[in-house]
Amino acid sequence: MFHLANYRVAMHEFGLTGGIGSGKSTVAAGLVHRGAVLIDADAVVRELQAPGGEVFQAMVDHFGTDIVAADGTLDRKAIAEIVFNDEAELKTLNGIVHPAVGREIKARQDQLRETDAIVVLDIPLLVRADGEKGRRKEYEHLLGVIVVDTAPDLAVARLVEHRGFDEDDARARLANQASRDDRLAVADHIIDNSGELSALDAQLDACWAWMEAVAAAQRVRGSGA
């Protein structure tokens, strides 16, 4: 697991999380539209797993060529089938991916660290899913945590309708993540993404206003005023 907690943060950094099917990517895009700078952990993973990269080759070396699709990219479904119910293989995968992701995220943070940017760190695994409560310790530095909340049944329906999941698989994926209650327990701001887009837009406006207010307060503290 990559660790960021001991690295001093000068920009205004917020965490964004939510369960699979919650619509977190839509929320992230909405915050970017309002002025945030996004560091998306999932996007970083996809970039590092592109063919020819260090992570791609390490995964193929360990799991074999069966995880490579016909077009030469990683077959994510094949990887999921290997690691989903195999704790040892999941640990190996995490050991390949997480250090590289941590280095890339830190590099992107370093580019922003001395700026006044409001940064959204989109981390699906920000909340612990190991039986302990609270944020993972590497995210304790965040100015606030935004949780995108959706009822599990609605999340499952979205995964089935829009992403082609089998319903049982979708429910298994949800069960393997932090619970809804555990995510809500660490939230500093909650976005309820169970309604229409118009309702989400209003909540995004409110969330952005809150982020700007928190950032402004940090600037005052930093100036010693």
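Refer to the structure above for everything that follows.
Residues numbered from 1 in each chain as written. Predicted model: local features only at pLDDT ≥ 70, side-chain atom pairs only at ≥ 80, totals over all residues. Heavy atoms only, no water.

**What about the layout of surface pockets?**
Inference 1: Size it by volume and the second largest pocket reaches roughly 150 Å³.
Inference 2: The wall of the second largest pocket is formed by 15 residues, among which Pro-152, Leu-174, Ala-178, Arg-180 and Arg-183 lie closest to the centre.
Inference 3: Broken down by secondary-structure element, the contributors of at least two residues to the lining of the second largest pocket are α6 (152–163), α7 (167–175) and α8 (180–185).
Inference 4: By residue class, the composition of the lining of the second largest pocket is eight nonpolar, five polar and two charged. (1 Å grid on protein atoms, 1.4 Å probe; cavity = no way out; pocket = protein on both sides within 12 Å on 5 of 7 lines; lining within 4 Å. Points joined across faces, edges and corners; volume = space filled by probe spheres on them. Helix = DSSP H or I, 4+ residues; strand = E, 2+ residues; numbered from the N terminus. Nonpolar A, V, L, I, M, F, W, Y, C, P; charged D, E, K, R; others polar.)

**Digging into helix α1 (residues 24–33)**
Inference 1: Within the span of α1, buried status applies to Lys-24, Val-27, Ala-28, Gly-30 and Leu-31. Along α1, the residues classed as buried sweep out an arc of 160° about the axis, all on the same side. Counted as exposed and oriented over 90 degrees from the buried face of α1: Ser-25 and His-33.
Inference 2: One or two positions beyond α1, positive phi appears at Gly-35, with a value near 130°. (Buried < 20%, exposed > 50% of the residue type's maximum accessible area, 1.4 Å probe, protein only. Arc of directions from axis to C-beta.)

**Some points on the pattern of salt bridges**
Inference 1: Using the criterion set out here, one finds ten salt bridges in the structure.
Inference 2: Between Lys-106 and Asp-110 there is a salt bridge whose closest N-O contact spans 3.1 Å. Residue Lys-106 and its partner Asp-110 are located together in helix α5 (residues 87–112), separated by four residues, close to a single helical turn.
Inference 3: Judged by relative accessible area, which is 30%, Lys-106 ranks as partly exposed. (Salt bridge = Lys/Arg side-chain N within 4 Å of Asp/Glu carboxyl O.)

**Focus on the packing of aromatic side chains**
Inference 1: Summed over the entire model, instances satisfying the criterion amount to one aromatic pair.
Inference 2: On the numbers, 5.5 Å between centres and 65° between planes, the contact of Phe-14 with Trp-210 is edge-to-face. Remark: Trp-210 occurs in helix α9 (residues 197–223) and Phe-14 occurs in strand β1 (residues 12–18); sequence separation between them is 196 residues.
Inference 3: The buried category is assigned to Phe-14, whose relative accessible area is 0%. (Phe/Tyr/Trp six-rings, centres within 6.5 Å; stacked < 30°, edge-to-face > 60°.)

**Quick look at the nonpolar core**
Inference 1: The biggest cluster of nonpolar side chains holds 33 residues, and the ones touching the most others in it are Met-59, Val-97 and Ile-105.
Inference 2: Counting only elements with at least two residues in this core, the list comes to α2 (41–48), α3 (54–63), α4 (76–83), α5, β3 (118–122) and β4 (144–149).
Inference 3: Here the element with the most residues in this core is α5; it accounts for seven residues.
Inference 4: In terms of nonpolar packing, the next biggest core, distinct from the first, is built from 18 residues, Val-27, Ile-191, Leu-204 and Met-211 among them. (Core = buried A, V, L, I, M, F, W, Y, C linked by side-chain atoms within 4.5 Å.)

**Here we look at the pairing of β4**
Inference 1: Burial within β4 is extensive, with six of its six residues counted as buried.
Inference 2: Side chains Gly-144, Ile-146 and Val-148 project from β4 onto one buried face, and the interleaved Val-145, Val-147 and Asp-149 project onto a second face that is buried too.
Inference 3: One ladder, built from four bridges, connects β4 with strand β5 (residues 189–192); its direction is parallel. Residue pairing for β5: Ile-146 is matched across the bridge by His-189. (Pairing = 2+ DSSP bridges.)

**Observations concerning the pairing of β1**
Inference 1: Most of β1 sits inside the fold, with seven of its seven residues counted as buried.
Inference 2: Across the two faces of β1 the burial is the same, with His-12, Phe-14, Leu-16 and Gly-18 and Glu-13, Gly-15 and Thr-17 all buried.
Inference 3: Pairing geometry for β1 and β3, over five bridges, is parallel. Residue pairing across strands places Gly-15 opposite Leu-121, the latter belonging to β3.
Inference 4: By the bridge criterion, five bridges tie β1 to β4 in an arrangement that is parallel. Looking across to β4, one finds that Gly-15 is bridged to Val-145.

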